[in-house]
Amino acid sequence: MTSEEIVEKVKEDLADLIQNTDLPQGDAVIFVAPDSLESVAKFLKNDADLKFDYLSDVRGVDYLLEEREPRFEAVYQLYSIDNQHSIRLRVGIEEDNPSVPTVSNLWKGALYPEQELFDMFGINVEGHPTMERLIMPKDWEGFPLRKDYPLTTETVAFSHNRDFKSELVKSKPPTR
Amino acid sequence: MGLIDQAVDALENEVNNLKLNVQDTVKAMDYEYSGSLYDTVLTTKLGKVVGWAQKNALWPATFGLACCAIEMMAMANSRWDAARFGAEVFRASPRQADLMIVSGRVSQKMAPILKQIFDQMPEPKWVISMGACASCGGIFNNYSIVQGVDRVVPVDVYVPGCPPGPEALLYGVIKLQEKIMMEAGTDKARKRVA
Amino acid sequence: MSVTEQGLLERDKDTMTLNMGPQHPSTHGVFRVILEMDGEVVKTAEPEIGYLHTGIEKTSENKRYVHVIPMTDRLDYLNPPGNNLAFCLSTEKLLGVEIPDRANSLRVIMCELARIASHLVWLGTHALDIGAMTVFLYCWREREMILDLNEEISGVRMMTSYIRVGGVAKDATRSWLDGILDFIQYFPAKVDEYERLLTNNPIWLDRTEGIGTFTREEAINWSLSGPAL
């Protein structure tokens, strides 16, 4: 099925659960609210024509710099092995107490990516068996991929900042 | 009156400096000539022999973390044979190795483990920091990469490159061998073991 | 409750908890698995990842598109052109740009060479871990030929950054193409050599057959990719 057909079918069958649809550069995209994510995902997986049985990716986005509501978004990329078409689910998540239901009972491959969502963005995934830090050390504070988290805490000594280069070298902690 | 005070202070400073210098020289002479001449000659020559043996049989511990590990494996393979320089066996256990080649980027989560493995190595031990990420953080100046592995372990030779070719790493090993030979039989080598 | 907590509570279990730590000769890179073993059979395995987290995503957010291409090289460091390709294809899709045919063919050549090189690493290290050290040396010998080709076309052995947004970095030369043709003629005989060493080897078969199996549905459900799928 082409992207337009997918979007049409989804709009017919799930009219009130979807907030919006889009077709950027030939991809099928549907916008969903976090509460209706489970029903939409179940429909997409089990429907005979659509049959999205493969979860390609789960990613998070932080729209702080674009000043968009809602601030966070979880993006699910689904693919159908038999029908060879794909769809993107975008779930907008609010800033205070961000949380989204899990899809790991439908696609078990979502377990690690959802843990990564929590680790990197602080988005709580309800229903997930282990909601703890995956990539960062267990006692790390802060959520690295948020836009207000600083990238680095130290400046590197180059030749263009040669004036305070000697101070930078001095401030390197002693070895051992 | 002020002038005389200044002169007295300056004289006192000079005398103190002289005293300290004399103390240093006396201590050095004491150390040099403690025991018989036969003893010092033998220990220095023996130190050189020990250094020669150490440098020709440096056994690396496998600490391949990322991309540099592939080039480290390439160094150990048939084209740039590291075995002809003594690094024949890459020991898996740090307790049997004396060289740790930190090859790859060290993340914050990995740094305590790096320290632990280094501590598990018996003295004397050397560290080669291979690649840009191990030497200074490389192209990753961010929250999760330790900016230079010398914040965690003391490094002897830095090999730059991203990744350094096997010939560069081999040159680093040769430089380390020269360093061992230079230090052999002197205080520095004794400090490594003690 | 995690596996380790369960193990500590039931002390009279028969299984042994073994930590296959981040530094291990066969993890090739850093990967930690906490194994519960009954003799030599692994009952449960709890992996712990994150020891090589580089923060490439966040660093790339603060760089220009061209600067991100060398960062993508280091994601899967055995296949740098593949990572470049993924990034460049998506950027070109967003821009709506068409790539000339010659650039496309050069991209395909680089990616396939990198695929061969990456699989040689896999085969060599897999054989090394199981015990066949000769295959390790043979695979790297072939890989050196591919890396020489890389160096000729881009100047760098491994992290070529050859594939750029809108095409490739440099056009191919006659000598490079001749080198590829020589490699293509030389390589199949080497594959036969590996097969002679491994395919009917009883030790190899014993150690690889029936280990860690899963069904087709499980592979799809678990979102596996690559040869496992």
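Residues numbered from 1 in each chain as written. Chains lettered and ligands numbered in written order. Predicted model: local features only at pLDDT ≥ 70, side-chain atom pairs only at ≥ 80, totals over all residues.

### Quick look at the overall build of chain C
Within chain C, the regular secondary structure consists of 9 helices and 5 strands. Ordered by position from N to C terminus, the α and β elements of chain C give α-β-β-β-α-α-α-α-α-β-β-α-α-α. Expressed along its principal axes, the backbone C-alpha trace of chain C runs to roughly 70 × 45 × 35 Å. Burial statistics for chain C: of 229 residues in total, 26% are counted as buried. (Helix = DSSP H or I, 4+ residues; strand = E, 2+ residues; numbered from the N terminus. Buried ≥ 20, exposed ≤ 12 C-beta atoms within 10 Å, placed from the backbone.)

### Brief notes about the sheet that holds strand β5 (residues 86-93) of chain A
All names here are of chain A. Taken together, 5 strands build an open sheet; the order of strands is β1-β2-β5-β4-β3 and the sheet is mixed. Unpaired on one side and paired on the other, β1 (18-22) and β3 (54-62) mark the two borders of the sheet. The average undirected angle you get between the axes of adjacent strands in this sheet is 20 degrees. With 8 bridges connecting them, strand β4 (residues 72-79) and β5 associate as antiparallel partners. Considered in β5, the bridge of A74 is made with V91. Lying on the sheet, helix α2 (residues 37-46) is in contact with β2 (29-32), β4 and β5; it crosses β5 at an angle near 175 degrees. Of the strands in this sheet, β3 and β4 are in contact with helix α3 (residues 111-121), which crosses β3 at around 10 degrees. (Pairing = 2+ DSSP bridges. Axes fitted to C-alpha atoms, helices over the stretch in contact; angles between N-to-C directions. Contact = placed C-beta atoms within 7 Å.)

### Here we look at the packing of helix α3 (residues 67-75) of chain B against helix α6 (residues 166-183) of chain B
All names here are of chain B. Interhelical geometry of α3 versus α6 gives an angle of 75 degrees and a closest axis separation of 9 Å. It follows from the interaxial angle that α3 and α6 lie roughly perpendicular. Residue-level inspection shows E71, M72, A74 and M75 of α3 in contact with α6, the latter providing P166, L169 and L170. Per-class residue counts for the contact of α3 with α6 are 6 nonpolar, no polar and 1 charged. (Parallel < 35°, antiparallel > 145°, perpendicular 65-115°, else oblique. Nonpolar A, V, L, I, M, F, W, Y, C, P; charged D, E, K, R; others polar.)

### Digging into the interface of chain C and chain B
Counting residues at the interface gives 26 residues for chain C and 28 residues for chain B. Looking at the side of chain C that touches chain B, the elements with two or more residues in it are α2 (56-61), α3 (65-73) and α6 (133-154) of chain C. Among the elements that make up the side of chain C that touches chain B, the one with the highest residue count is α6(C) (4 residues). In terms of residue class, the side of chain C that touches chain B is made up of 14 nonpolar, 7 polar and 5 charged.

### Regarding unusual backbone geometry
Cis geometry marks the peptide bond from E123(B) to P124(B); its omega dihedral reads -10 degrees. Position of P124(B) relative to the elements: it lies in the loop between α4 (111-120) and β3 (126-130). Residue P163(B) is bonded to the preceding C162(B) through a cis peptide linkage, with omega at -10 degrees. Examined against the element boundaries, P163(B) turns out to sit in the loop between β4 (157-159) and α6. For K51(A), which is not glycine, the phi torsion reads 50 degrees and is therefore positive. Relative to the helices and strands, K51(A) is located in the loop between α2 and β3. Of note, the phi angle at Q84(A) is positive, near 55 degrees, even though the residue is not glycine.

### Concerning the interface of chain C and chain A
Taken together, the 14 residues of chain C in the interface contact 14 residues of chain A. For the side of chain C that touches chain A, the elements supplying multiple residues, two or more each, are α2, α4 (80-95) and α9 (216-221) of chain C. Considering each element in turn, the side of chain C that touches chain A owes the most residues, 3 residues, to α2(C). Residues that form the side of chain C that touches chain A fall into these classes: 4 nonpolar, 7 polar and 3 charged.

### A word on the nonpolar core
Within the largest apolar cluster, 81 residues are counted, with the highest numbers of intra-cluster contacts made by M72(B), M100(B), V102(B), L114(B), I128(B) and M130(B). In terms of residue count, α6(C) provides more of this core than any other element does, 10 residues in total. Leave out the neighbours within four places in its chain, and M72(B) touches G64(B), I101(B), S103(B), M130(B) and L169(B). By size, the runner-up hydrophobic cluster in this structure holds 34 residues, among which are A28(A), I93(A), V100(A) and F143(A). (Core = buried A, V, L, I, M, F, W, Y, C linked by C-beta atoms within 7 Å.)

### Brief notes about the domain arrangement of chain C
Assigned domains within chain C: domain 1 (3-48) and domain 2 (56-208). Of note, the centres of domain 1 of chain C and domain 2 of chain C, computed from C-alpha atoms alone, are 33 Å apart. (Domains from an automatic or database assignment.)

### Here we look at α6(B)
Residue and element names in this part refer to chain B. Its 18 residues place the ends of α6 26 Å apart at the C-alpha level, agreeing with the 26 Å of an ideal helix rising 1.5 Å per residue. Residues of α6 that are buried include every one of P166, L169, G172, V173, L176, Q177, I180 and E183, and no others. Angularly, the buried residues of α6 cover 145 degrees about the axis, an arc narrow enough to put them on a single face. With its phi angle positive at about 80 degrees, G185 sits one or two positions after the end of α6. (Expected span 1.5 Å × (residues − 1). Arc of directions from axis to C-beta.)

### Topic: the sheet that holds strand β1 (residues 60-61) of chain B
All names here are of chain B. Strands sit in the order β1-β2-β3-β4 across an open sheet of 4 strands; the sheet is parallel. The sheet terminates laterally at β1 and β4, the two strands that pair on one side only. Pairing geometry for strand β2 (residues 99-103) and β3, over 5 bridges, is parallel. Looking across to β3, one finds that S103 is bridged to M130. Along the sheet face, α6 touches β3 and β4 and points at about 165 degrees away from the line of β4.

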